[in-house]
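Residue-level structure breakdown
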Amino acid sequence: MSNRGLLFIPDISGFTRFVTETEIGHSRIIIQELLEILISANGIGLEISEIEGDAILFYKYGESPDVGTLYQQVANMFCAFHRHINAYEQRRFCQCEACSSTINLTLKVITHYGEFTGYNVRTFNKLIGKDVIVAHQLLKNDIQQHEYWLVTKDLVPGEPQGELPSWMNWSTSVRQTENGNIPFKYTLLSQLRNELTPDPLPDFDLSARQKVITVSKEYDASILAVFHGTGDFHHRSRWFNGIKSIEGLNDFLPRLGMKCRFITDDGVEILYASSYRYTPDKIEFSETDEIKDTATCYTLEKINAGKTKLTLDYYIPGTDSRIFFNWIRKSKKEKALLKSLDNLDQVVREIRIPGEE
């Protein structure tokens with residue numbers, strides 16, 4: 001087998017240094033999701049040598065694909081990366097600095113051709129060789145922007161040609177190292193991001209449902225503390241009356257569309273987050289059961305920096321359902337919701353929001 005091949009490194013940048021446990025944990029999950037997106041977007045048979053923090057070292061032995069094919073691979077990864085970021089920005093519940101700054105993350109891609117070899121460590125093939133060092137040295141350069149595709153002279157000796165978009169504009173530079181200069185060309189990729197259209201949010205319509213219960217309570221806690229207490233499914237069994245535990249949470253970070261299985265006194269109930277609207281002074285979100293039967297709408301209103309009003313509205317389907325939702329069932333459900341609001345008081349007192357201490 002030839003020991004020459006393509007080195008392909010997509011690298012994520014844009015996170016600041018976080019000092020709180022919450023932000024470190026959330027940034028780790030966000031980066032993990034984005035790395036998985038990049039791996040899934042691999043369409044030219046690249047192999048993974050290792051994951052290096054916020055970057056992935058891909059490689060492929062043999063002749064490199066042509067420039068047009070390489071561009072398509074870069075574009076696929078870049079667009080998948082930003083589609084995921086845009087979707088998270090639209091759907092995220094969390095307002096911590098890590099989650100809030102996700103929209104500012106960028107992606108650069110380093111591509112180089114040269115000699116390298118590897119040795120196996122479990123399922124990974126650890127690469128070694130001069131050109132592996134060269135590729136990593138190129139991650140640090142004098143390019144001011146952070147959304148670009150870089151190709152070395154060893155990969156593309158002349159002007160990049162092929163099926164490339166008309167907006168692409170190549171610049172030439174050199175990376176100076178202690179072992180010599182590394183000439184390269186690069187082109188910005190921001191145009192790809194500008195051309196992306198956001199996916200529509202899921203439609204949530206209450207017109208076919210009837211509101212049968214409304215309960216409210218004020219808390220000596222910030223609106224974000226109450227929001228994290230109510231909107232994060234991880235806390236639900238601590239305060240919601242009748243829920244004993246949770247299972248199958250499909251999102252580690254709370255966001256629109258997440259689903260969770262609740263083990264209740266009456267069996268199992270599956271809920272998903274069906275709508276979400278956020279402003280600093282008012283937050284609204286809803287949860288719907290698996291068959292889109294009942295819905296609970298949460299409205300949080302900021303009274304002042306340390307006081308929040310929470311209102312829960314409970315909906316059932318259709319006008320005829322009110323006949324079957326009799327006084328006894330309504331009274332039982334209302335008492336359970338009021339009990340839940342009382343239980344929530346201790347939970348929100350314990351929640352710490354970064355920057356509010």
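See the structure printed just above.
Residues numbered from 1 in each chain as written. Predicted model: local features only at pLDDT ≥ 70, side-chain atom pairs only at ≥ 80, totals over all residues. Heavy atoms only, no water.

With respect to the environment of lysine 244
With respect to the helices and strands, the residue lysine 244 is situated in strand β11 (residues 243-247). Classification of lysine 244 as exposed rests on a relative accessible area of 54%. (Helix = DSSP H or I, 4+ residues; strand = E, 2+ residues; numbered from the N terminus. Buried < 20%, exposed > 50% of the residue type's maximum accessible area, 1.4 Å probe, protein only.)

Side note on the pairing of strand β2 (residues 47-52)
Looking down a regular strand, the side chains alternate between one sheet face and the other. Bridging between β2 and strand β3 (residues 55-61) involves 5 bridges; their strand directions are antiparallel. Across the sheet, isoleucine 51 pairs through a bridge with isoleucine 56, a residue of β3. The turn joining β2 and β3, which pair antiparallel and follow one another in sequence, is formed by 2 residues; a positive phi near 70° is taken by glycine 53. (Pairing = 2+ DSSP bridges.)

A few points about a nonpolar patch on the surface
Where nonpolar side chains cluster on the molecular surface, the patch consists of Tyr119, Val121 and Ile128 and spans about 260 Å² of accessible area. As for its placement among the helices and strands, valine 121 is situated in strand β5 (residues 117-121). (Patch = residues over 30% accessible without salt bridge, like charges linked within 9 Å, V, L, I, M, F, W, Y side chains within 5 Å. Areas by Shrake-Rupley, 256 points an atom, 1.4 Å probe, with all protein chains shown as cover. Salt bridge = Lys/Arg side-chain N within 4 Å of Asp/Glu carboxyl O.)

Remarks on the side chain of threonine 187
With respect to the helices, strands and loops of the structure, threonine 187 is situated in strand β9 (residues 180-188). We classify threonine 187 as buried; its relative accessible area is 1%. For threonine 187, the side chain forms a polar contact with the main-chain oxygen of asparagine 169, separated by 3.1 Å. Once you skip the residues sitting within four places of it in the chain, threonine 187 turns out to touch Glu147, Tyr148, Trp149, Met168, Asn169 and Trp170. (Polar contact = N/O pair within 3.5 Å; in protein donor to acceptor, adjacent residues only side chain to side chain. Contact = heavy atoms within 4.5 Å.)

Thoughts on the packing of aromatic side chains
Centre-to-centre distance and the angle between the planes together describe a pair of aromatic rings. Taken as a whole, this structure holds 16 aromatic pairs when the rule is applied. Seen in terms of ring centroids, tyrosine 61 and phenylalanine 116 are 5.0 Å apart; in terms of plane orientation they differ by 25°. Their pairing is stacked. In this pair, tyrosine 61 sits in strand β3 while phenylalanine 116 sits in the loop between β4 (106-115) and β5, placing the two residues 55 residues apart along the sequence. A centroid spacing of 5.4 Å and a plane angle of 85° characterise the contact between phenylalanine 233 and phenylalanine 262, whose relative ring orientation is edge-to-face. Taken as a pair, phenylalanine 233 in the loop between α6 (223-231) and α7 (236-239) and phenylalanine 262 in strand β12 (residues 259-264) lie far apart in primary sequence, 29 residues in all. In this pair, the class of phenylalanine 233 matches that of phenylalanine 262, namely buried. Ring-pair connections join several aromatic residues into one group, and the members of that group are Phe93, Phe227, Tyr276, Phe285 and Tyr298. (Phe/Tyr/Trp six-rings, centres within 6.5 Å; stacked < 30°, edge-to-face > 60°.)

Quick look at the sheet that holds β3
Read across the open sheet, the 7 strands follow the order β2-β3-β1-β4-β7-β9-β8; overall the sheet is mixed. With one partner strand each, in any of the chains shown, β2 and β8 (170-177) form the two edges of the open sheet. In this sheet, adjacent strand axes meet at a mean angle of 20° when their direction is disregarded. As paired strands, strand β1 (residues 4-13) and β3 are joined by 5 bridges and run antiparallel to one another. What sits directly across from phenylalanine 8, in β3, is phenylalanine 58. This element, helix α2 (residues 67-91), spans β1, β3, β4 and β7 (148-152) of the sheet and lies at about 25° to β1. On the sheet, helix α4 (residues 130-137) packs against β1, β2, β3, β4, β8 and β9 and is oriented at approximately 155° with respect to β4. (Axes fitted to C-alpha atoms, helices over the stretch in contact; angles between N-to-C directions.)

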